[in-house]
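Residues per chain are reported as follows:
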Amino acid sequence: MAGLLCKCGYEMSDSTCPSPCELYVYIEKEVQDAITYCPTLEWFDFICGWDPLTESRRNYFQRSEEMEYWYCPKCKRVHEVETRTGRVIRIYKRTKRIPAESEKTNSLCVYSAVEVYPYTEAIHDLTLDWFVYHIPHKYSYKISEDEMKVTAYDHEGNPVFAYVFEEGIDWSKRSDASEDV
């Protein structure tokens, strides 16, 4: 069981299943590359980093560190946490004011544990491919190239709300993003 204290004072925990505080966040390209690599890859293997083709651990993500994402149901902040150390790397604050559109963005796949749980319980051997194309999404998300803002869009492509970088490591201002701080 893990927990994290939000800036607003809310104590987030993953002790309940599914946890309303647990998010799965992936760059869409990471997901598509994993599906291309192994079309039968199961959702659970993907999030755990298990490679069924070589029966070994595999890093499906283009990240230097594994991250987990925590959602505060009270203030709606999103916390990016380094899995290995538990250190909060970045905090994003939700806002209704939509920042100017960035020229370069990456599409994100964002799922809450609450929306994922009914499918993982009901469907044995749920493949990542099935999961991505059959789970209904309320919003689509795009993150700016500098990772300072995430915009949520409705099904018509209209921006609805955004998450803006509030505090943490601003990777866009670092000369060496892999350097440990």
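Predicted model, so just to flag it, every value in this text is computed and none were measured.

**Q** Looking at this structure, I do not really get the pattern of salt bridges. What am I missing?
**A** Oppositely charged side chains can form a pair if their charged atoms are brought close together. In the structure shown here, the tally under the stated rule is seven salt bridges. Across the pair Glu166 and Lys7 runs a salt bridge, and its minimum N-O distance is 3.5 Å. With a gap of 159 residues between them, Glu166 in strand S12 (residues 159–168) and Lys7 in the loop between strand S1 (3–5) and strand S2 (11–13) connect regions that are remote in the sequence. Since its relative accessible area comes to 45%, Lys7 is described here as partly exposed. Between Arg87 and Glu82 there is a salt bridge, with the nearest N and O atoms lying 3.7 Å from each other. Residue classification places Glu82 among the buried positions, given a relative accessible area of 5%.

**Q** Can you walk me through the nonpolar core in this structure?
**A** Nonpolar side chains in soluble globular proteins tend to end up buried together. Within the largest apolar cluster, 20 residues are counted, with the highest numbers of intra-cluster contacts made by Tyr26, Val31, Trp43, Phe46, Tyr111 and Leu128. Taken together, the elements giving at least two residues each to this core come down to strand S3 (22–27), helix H1 (28–37), helix H2 (43–48), strand S9 (105–112), helix H3 (113–122) and helix H4 (128–134). Listed in part, the 17 residues of the second largest apolar core include Leu23, Val25, Tyr69 and Tyr163.

**Q** I'm lost on empty space enclosed by the protein in this one. Help?
**A** It is the rolling of a water-molecule-sized probe over the atoms that shows where space remains empty. On inspection of all chains with the given rule, the structure shows one cavity of 30 Å³ or more. Empty space within the largest cavity amounts to approximately 40 Å³. Considering the residues around the largest cavity, the lining is formed by Ala100, Glu101, Ser102, Thr105, Lys142, Ser144, Lys149, Thr151 and Tyr153. Where the lining of the largest cavity is concerned, the elements lending two or more residues are strand S10 (140–144) and strand S11 (149–153). When grouped by side-chain class, the residues that make up the lining of the largest cavity number two nonpolar, four polar and three charged.

**Q** Could you clarify how one ought to interpret the confidence of the model for the protein in this entry?
**A** A low pLDDT score tells you not to read the predicted coordinates there in detail. Mean pLDDT over the protein works out to 85, with 91% of the residues at or above the 70 mark. Of the regions scoring below 50 in pLDDT, residues 174–181 engages in eight contacts with residues more than four places distant in sequence or in other chains.

**Q** Could you clarify how one ought to interpret the sheet that holds strand S6 (residues 67–71) in this entry?
**A** Consider a sheet: its strands pair through backbone hydrogen bonds, and that pairing is either parallel or antiparallel. Read once around its circumference, the closed barrel built from eight strands follows the order S3-S6-S7-S8-S12-S11-S10-S9, with strand pairing classed as antiparallel. Neighbour-to-neighbour, the strand axes of this sheet turn through a mean angle of 30°, independent of strand direction. Examined bridge by bridge, S10 and S11 share four bridges and lie antiparallel to one another. What sits directly across from Tyr141, in S11, is Ala152. Taken strand by strand, H1 contacts S3 and S9, and its axis lies near 75° from that of S3. Its contacts with the sheet put H3 on S3 and S9, and the angle it makes with S9 is roughly 65°.

**Q** Hey, could you run me through the layout of surface pockets in this one?
**A** Empty space within the second largest pocket amounts to approximately 450 Å³. Taken together, 22 residues make up the lining of the second largest pocket; nearest its centre are Tyr24, Tyr26, Ile47, Met67 and Glu68. At five residues, S3 tops the list of elements feeding residues into the lining of the second largest pocket. In terms of residue class, the lining of the second largest pocket is built from 12 nonpolar, three polar and seven charged.

What counts and what doesn't
Residues numbered from 1 in each chain as written. Predicted model: local features only at pLDDT ≥ 70, side-chain atom pairs only at ≥ 80, totals over all residues. Heavy atoms only, no water. Salt bridge = Lys/Arg side-chain N within 4 Å of Asp/Glu carboxyl O. Helix = DSSP H or I, 4+ residues; strand = E, 2+ residues; numbered from the N terminus. Buried < 20%, exposed > 50% of the residue type's maximum accessible area, 1.4 Å probe, protein only. Core = buried A, V, L, I, M, F, W, Y, C linked by side-chain atoms within 4.5 Å. 1 Å grid on protein atoms, 1.4 Å probe; cavity = no way out; pocket = protein on both sides within 12 Å on 5 of 7 lines; lining within 4 Å. Points joined across faces, edges and corners; volume = space filled by probe spheres on them. Nonpolar A, V, L, I, M, F, W, Y, C, P; charged D, E, K, R; others polar. pLDDT = per-residue confidence, 0-100. Contact = heavy atoms within 4.5 Å. Pairing = 2+ DSSP bridges. Axes fitted to C-alpha atoms, helices over the stretch in contact; angles between N-to-C directions.

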